[in-house]
Amino acid sequence: MKLIKKKAHSVAAAPLGQKRSFRQTVWQQRYLYAMSLPFVAWVFVFHYLPLFGWTMAFQDYRPGLAFFEQEWVGFKHFIELFQDERFYLVLRNTLVMSLLGLLVGFTFPILFAVLLNEARAKLFKKTVQTVSYLPHFVSWVVVAGIVTKMLSVDGGIVNEVLVATGAADKPIQFMTKGEWFWIIVTLADLWKEMGWNSIIFLAAMAGVDPQLYEAAKVDGASRWRQIWHITLPGIRPTILVVLILSIGSLMTIGFEKQFLLGNPTVVNYSEVLDLYALNYGINLSRFSYGTAIGIFNSLVAIILLFIANGLFKRYANQSVM
């Protein structure tokens with residue numbers, strides 16, 4: 001308490017309108033800077049330091065050779081990448097699954113959060129929250145096993161319901177139909193992450209002024225009107241920020257769910273850029289080629305982030321930087 005009072009006194013004693021130097025600001029907030037140092041170091045070590053490995057994309061990298069002993073080939077691997085027809089098929093799969101994930105995985109958590117926020121029974125609300133969060137902590141290995149078993153032709157609950165209700169004459173082999181794979185992955189990801197993704201929107205709704213709802217009730221606004229004119233506008237900044245970040249991560253969808261749910265019969269629909277880098281780069285010891293794929297993926301993600309940020313900053317007055 002003495003330290004807080006001392007800081008408050010030093011701030012109050014500073015003349016109004018006088019700008020403090022950077023050194024004074026750092027010294028005054030030294031404890032905050034000290035607390036942030038471990039996180040800054042973590043980001044630098046695991047996110048910025050590995051960028052040195054991007055030099056492999058411009059070499060014919062051979063393990064065991066020193067850095068200056070590697071053969072530099074310029075943009076050779078990028079040219080090979082853009083000349084490979086398989087790359088464009090994989091790019092299509094990545095973009096389609098990313099857009100489906102953005103459309104479904106972004107809108108449904110907002111809708112779920114709004115409905116949960118309107119629940120008045122506290123026990124019911126807490127129970128639903130807990131149940132919806134749990135799948136996030138389940139490994140994709142387990143989730144893939146559950147989805148595969150549910151869609152199985154041998155005792156799968158989905159096929160049993162379809163056959164019992166007459167919607168299908170015989171069990172459908174969902175996991176071998178490429179045209180169904182994108183939908184299966186999107187719905188599985190929605191089930192796993194919807195509750196977790198709704199947390200930030202629920203937190204934003206908790207910050208909406210309750211007096212606005214009281215005033216709306218006095219004016220005779222229904223609950224739907226309160227949601228439309230108070231709740232959604234109240235969390236609009238949060239929605240836009242999350243949307244910008246989601247657009248920036250369109251290309252970085254990972255490969256776990258595609259790898260675990262895919263099989264050789266649907267490989268033309270399941271293979272994404274990360275799997276392409278694994279199969280045609282690392283597994284074939286083409287480390288430079290795999291690095292080129294990773295650089296392309298990262299650059300596209302950065303470009304999308306800047307474009308989304310610029311558009312929202314210009315037309316919605318909201319940005320993340």
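Residues numbered from 1 in each chain as written. Predicted model: local features only at pLDDT ≥ 70, side-chain atom pairs only at ≥ 80, totals over all residues. Heavy atoms only, no water.

Under the present numbering, the feature "domain: ABC transmembrane type-1" (unreviewed entry) in UniProt falls on residues 91–308. What you have in residues 91–308 is 75% helix and 0% strand, and the ends, taken at the C-alpha atoms, are 20 Å apart. (UniProt positions renumbered as here; feature names shortened; annotations may be inferred. Helix = DSSP H or I, 4+ residues; strand = E, 2+ residues; numbered from the N terminus.)

A cluster of nonpolar side chains, namely Val-141, Val-142, Ile-146, Met-150, Ile-157, Val-161, Trp-191, Phe-255, Phe-259 and Leu-260, defines an oily patch on the protein surface of about 890 Å² accessible area. Residue assignment for the nonpolar patch shows that the elements contributing at least two residues are helix H7 (140–150), helix H8 (157–164) and helix H14 (256–261). Looking at the nonpolar patch element by element, the count peaks at four residues for H7. The residue Ile-146 is located in helix H7 in this model. (Patch = residues over 30% accessible without salt bridge, like charges linked within 9 Å, V, L, I, M, F, W, Y side chains within 5 Å. Areas by Shrake-Rupley, 256 points an atom, 1.4 Å probe, with all protein chains shown as cover. Salt bridge = Lys/Arg side-chain N within 4 Å of Asp/Glu carboxyl O.)

Once that is clear, we can look at the packing of aromatic side chains. Counted under the stated rule, the structure contains 21 aromatic pairs. With 5.9 Å between their ring centres and 55 degrees between their planes, Phe-75 and Phe-78 make a pair best called tilted. Among the residues examined, Phe-78 registers a relative accessible area of 11% and is labelled buried. Arranged with centres 5.5 Å apart and planes meeting at 65 degrees, the rings of Trp-182 and Tyr-269 form a pair that is edge-to-face. With Trp-182 in helix H9 (residues 178–197) and Tyr-269 in helix H15 (residues 267–270), the pair connects residues that are 87 residues apart, well separated along the chain. The exposure class assigned to Trp-182 is buried, which follows from its relative accessible area of 16%. Aromatic rings pair up to connect Phe-82, Phe-87, Tyr-88, Tyr-276, Tyr-280, Tyr-289 and Phe-296 into one cluster. Here Arg-92 stacks its cationic end above the ring of Tyr-269, 5.4 Å away from the centre of that ring. (Phe/Tyr/Trp six-rings, centres within 6.5 Å; stacked < 30°, edge-to-face > 60°. Buried < 20%, exposed > 50% of the residue type's maximum accessible area, 1.4 Å probe, protein only. Lys NZ or Arg CZ within 6 Å of the ring centre and 35° of its normal.)

Turning to H9, a few remarks are in order. In this model H9 runs 28 Å from its N-terminal to its C-terminal C-alpha over 20 residues, within 8% of the 28 Å that 1.5 Å per residue would give. The largest bend in H9 is about 40 degrees, located at Trp-191. Taken residue by residue, H9 has Gly-178, Phe-181, Trp-182, Ile-184, Val-185, Thr-186, Ala-188, Leu-190, Lys-192, Glu-193 and Gly-195 as its buried positions. (Expected span 1.5 Å × (residues − 1). Bend = angle between axes of the 7 residues up to and from the residue.)

Our focus in this paragraph is unusual backbone geometry. Unusually for a residue other than glycine, Ser-285 sits at a positive phi of about 60 degrees. Relative to the helices and strands, Ser-285 is located in the loop between helix H16 (273–282) and helix H17 (287–315).

When two helices pack together, their arrangement is given by the angle between the helix axes and by the axis-to-axis distance. Interaxial distance between helix H5 (residues 85–118) and H9 falls to 9 Å at its minimum, and their mutual angle equals 35 degrees. The crossing of H5 and H9 is right-handed. Contacts from Arg-92, Asn-93, Val-96, Met-97, Leu-100, Gly-101, Val-104, Gly-105, Phe-108, Pro-109 and Phe-112 of H5 reach H9 at Phe-181, Trp-182, Val-185, Thr-186, Leu-190, Met-194, Gly-195 and Asn-197. (Axes fitted to C-alpha atoms, helices over the stretch in contact; angles between N-to-C directions. Left-handed = near helix turned anticlockwise from the far one by under 90°. Contact = heavy atoms within 4.5 Å.)

Now for the nonpolar core. Phe-106, Phe-201, Ile-247 and Phe-312 are the most contacted members of the largest nonpolar core, which totals 24 residues. Of all the secondary structure elements, the ones that give two or more residues to this core are H5, helix H10 (199–206), helix H13 (236–248) and H17. A total of seven residues in this core trace back to one element, the largest contributor, which is H5. With 18 residues, the next largest nonpolar core counts Met-97, Trp-140, Ile-184 and Val-272 among its residues. (Core = buried A, V, L, I, M, F, W, Y, C linked by side-chain atoms within 4.5 Å.)

The subject of this paragraph is the packing of H16 against H17. Where H16 meets H17, the closest approach of the two axes is 7 Å, and the angle between their N-to-C directions is 165 degrees. In terms of orientation, H16 lies roughly antiparallel with respect to H17. For the crossing formed where H16 meets H17, the hand is right-handed. Along the contact surface, H16 presents Leu-273, Asp-274, Tyr-276, Ala-277, Tyr-280, Gly-281 and Ile-282, while H17 presents Phe-287, Tyr-289, Gly-290, Ile-293, Phe-296 and Asn-297. Considered class by class, the residues forming the contact of H16 with H17 number nine nonpolar, three polar and one charged. (Parallel < 35°, antiparallel > 145°, perpendicular 65-115°, else oblique. Nonpolar A, V, L, I, M, F, W, Y, C, P; charged D, E, K, R; others polar.)

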